[in-house]
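Chain and residue survey
The residues making up each chain are set out below.
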Amino acid sequence: MTAKEYFNNVRNAIYGRKNLKRNLSDLEAKLPTIGSFDYGKDRVQTSPRNVHEERICDYVDSQAKYMALMQEYTELILEAEERLKQMSRSDYSEILRCLYMGEYRMTYAEVGDQLGYAEATIRNLVSEAYTEFEQLWLTEGENDNNNNQQ
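First, a word on what this report is: a plain description of the structure on this page. Every value quoted in this text rests on a predicted model; they were computed, and no experiment measured them.

1. Description of the overall build of the chain
The secondary structure content of the chain amounts to 6 helices and 0 strands. Listing every helix and strand of the chain by position from the N terminus yields α-α-α-α-α-α. By the burial criterion, 27% of the 150 residues in the chain qualify as buried. Relative to all contacts within the chain whose residues are 6 or more apart in sequence, the contacts with residues 24 or more apart total 68%. Just so you have it, the chain exposes about 10,400 Å², and 48% of that area is on carbon and sulfur atoms.

Next up, the structure:
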């Protein structure tokens, strides 16, 4: 895996987490509409199953799935942050954060404006940051696999 692919996965995790939060809020908003009990006259129930209970169970199951996915996404994002903290130059980590971990993906020109560099310099720094990131964290597993095969 390349550094660019890794950070695209992180960006997808950030967007996925936002969507899950929004969907979970929608589920919670629908929970009160599940229905209530009618304490009026007894009537013959047309359905032999308990619809209210099924809806509540579906909600709880969905919530558990959402929370598990959110945890997965959160772990990936935190791992990326920890790795960025350990880069040799703070410029590298700041540039990668701007490109992949912000509210939206900034262009090289926007990153350059924010950090006070020319766009061409940002392009070079990004390339250097990718190389360092791959050397530090993404080639270890490949090297281990190659050593095990020999």
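After presenting the structure, the write-up continues.
2. Examining the side chain of D91
On the secondary structure map, D91 appears in helix α3 (residues 90-100). For D91, a relative accessible area of 19% translates into the label buried. Within the structure, D91 has its side chain in polar contact with the side chain of R89 (distance 3.1 Å).

3. Things to note about the nonpolar core
Residues F7, M87, L96, M101 and F133 are the most contacted members of the largest nonpolar core, which totals 28 residues. When contributions to this core are tallied by element, the ones reaching two or more residues are α1 (3-30), α2 (51-85), α3, α4 (108-115) and α5 (119-138). In terms of residue count, α5 provides more of this core than any other element does, 8 residues in total.

4. Overview of the packing of α3 against α5
Their axes nearest at 9 Å, the elements α3 and α5 cross at an angle of 100 degrees. In terms of orientation, α3 and α5 fall into the roughly perpendicular class. Every residue of α5 that contacts α3 at Y92, I95, L96, L99 and Y100 is listed here: I122, L125, V126, E128, A129, Y130 and E132. In terms of residue class, the contact of α3 with α5 is built from 10 nonpolar, no polar and 2 charged.

5. Details of the packing of aromatic side chains
This model, assessed by the stated rule, comprises 5 aromatic pairs. Between the aromatic rings of F133 and W137, the centroid separation amounts to 5.1 Å while the plane-to-plane angle is 50 degrees, which identifies the pairing as tilted. Separated by 4 residues within a single helix, F133 and W137 lie in helix α5, roughly one turn from each other. A relative accessible area of 0% means that F133 is categorised as buried. Of the aromatic side chains, those joined through ring pairs into one cluster are Y6, F7, Y100, F133 and W137.

6. Side note on the pattern of salt bridges
Two side chains carrying opposite charge are able to pair once their charged atoms lie near each other. According to the stated counting rule, one finds 8 salt bridges in the structure shown. Residue R83 is joined to E79 by a salt bridge in which the shortest nitrogen-to-oxygen separation is 3.7 Å. Of the two residues, R83 and E79 both sit in helix α2, 4 residues apart, roughly one turn of that helix. Judged by its relative accessible area of 17%, R83 is buried. With a shortest N-O distance of 3.9 Å, R89 and E128 are connected by a salt bridge. Here R89 is found in the loop between α2 and α3, whereas its partner E128 is found in helix α5, with 39 residues between them in sequence. Using a relative accessible area of 34% as the deciding quantity, one classes R89 as partly exposed. Each of E81, E94 and R97 takes part in salt bridges that share partners, so that together they form one network.

Definitions and cut-offs
- Numbering of residues starts from 1 in each chain and follows the order in which that chain's sequence is written.
- Per-residue local features of the predicted model are confined to residues with pLDDT of at least 70, and side-chain atom pairs are confined, for both listing and counting, to 80 or more; whole-chain, interface and lining totals are unaffected and use all residues.
- Hydrogens and waters are ignored; side-chain quantities use all the structure's heavy atoms.
- The secondary structure listing takes helices from DSSP runs of H or I that are at least 4 residues long and strands from runs of E that are at least 2 residues long, numbered from the N terminus.
- With a 1.4 Å probe rolled over the protein chains alone, any residue whose accessible area is under 20% of its type maximum counts as buried; one over 50% counts as exposed, and the rest are partly exposed.
- Any two residues whose heavy atoms approach within 4.5 Å are treated as being in contact.
- Only the protein chains shown count as cover for residues, and all accessible areas are computed by the Shrake-Rupley method using a 1.4 Å probe.
- Here a polar contact means two N or O atoms within 3.5 Å. Within protein one must be a hydrogen donor candidate and the other an acceptor candidate, and residues neighboring in sequence count only if both atoms are side-chain atoms.
- Note on terminology: a nonpolar core comprises buried Ala, Val, Leu, Ile, Met, Phe, Trp, Tyr and Cys residues joined through side-chain atoms within 4.5 Å.
- For helices, the fitted line uses only the C-alpha atoms of the stretch in contact; every axis is such a line through C-alpha atoms, and the angle between N-to-C directions lies from 0 to 180 degrees.
- Oblique is the label for every angle not falling under 35 degrees (roughly parallel), over 145 degrees (roughly antiparallel), or within 65 to 115 degrees (roughly perpendicular).
- Basically, the charged four are Asp, Glu, Lys and Arg, the nonpolar ten are Ala, Val, Leu, Ile, Met, Phe, Trp, Tyr, Cys and Pro, and anything else, Gly included, counts as polar.
- Whether two aromatic rings pair depends on their centres lying within 6.5 Å, for rings of Phe, Tyr and Trp, where Trp uses its six-membered ring; planes under 30 degrees apart make the pair stacked, over 60 edge-to-face, and the rest tilted.
- When a carboxyl oxygen of Asp or Glu lies within 4 Å of a side-chain nitrogen of Lys or Arg, that pair is called a salt bridge.

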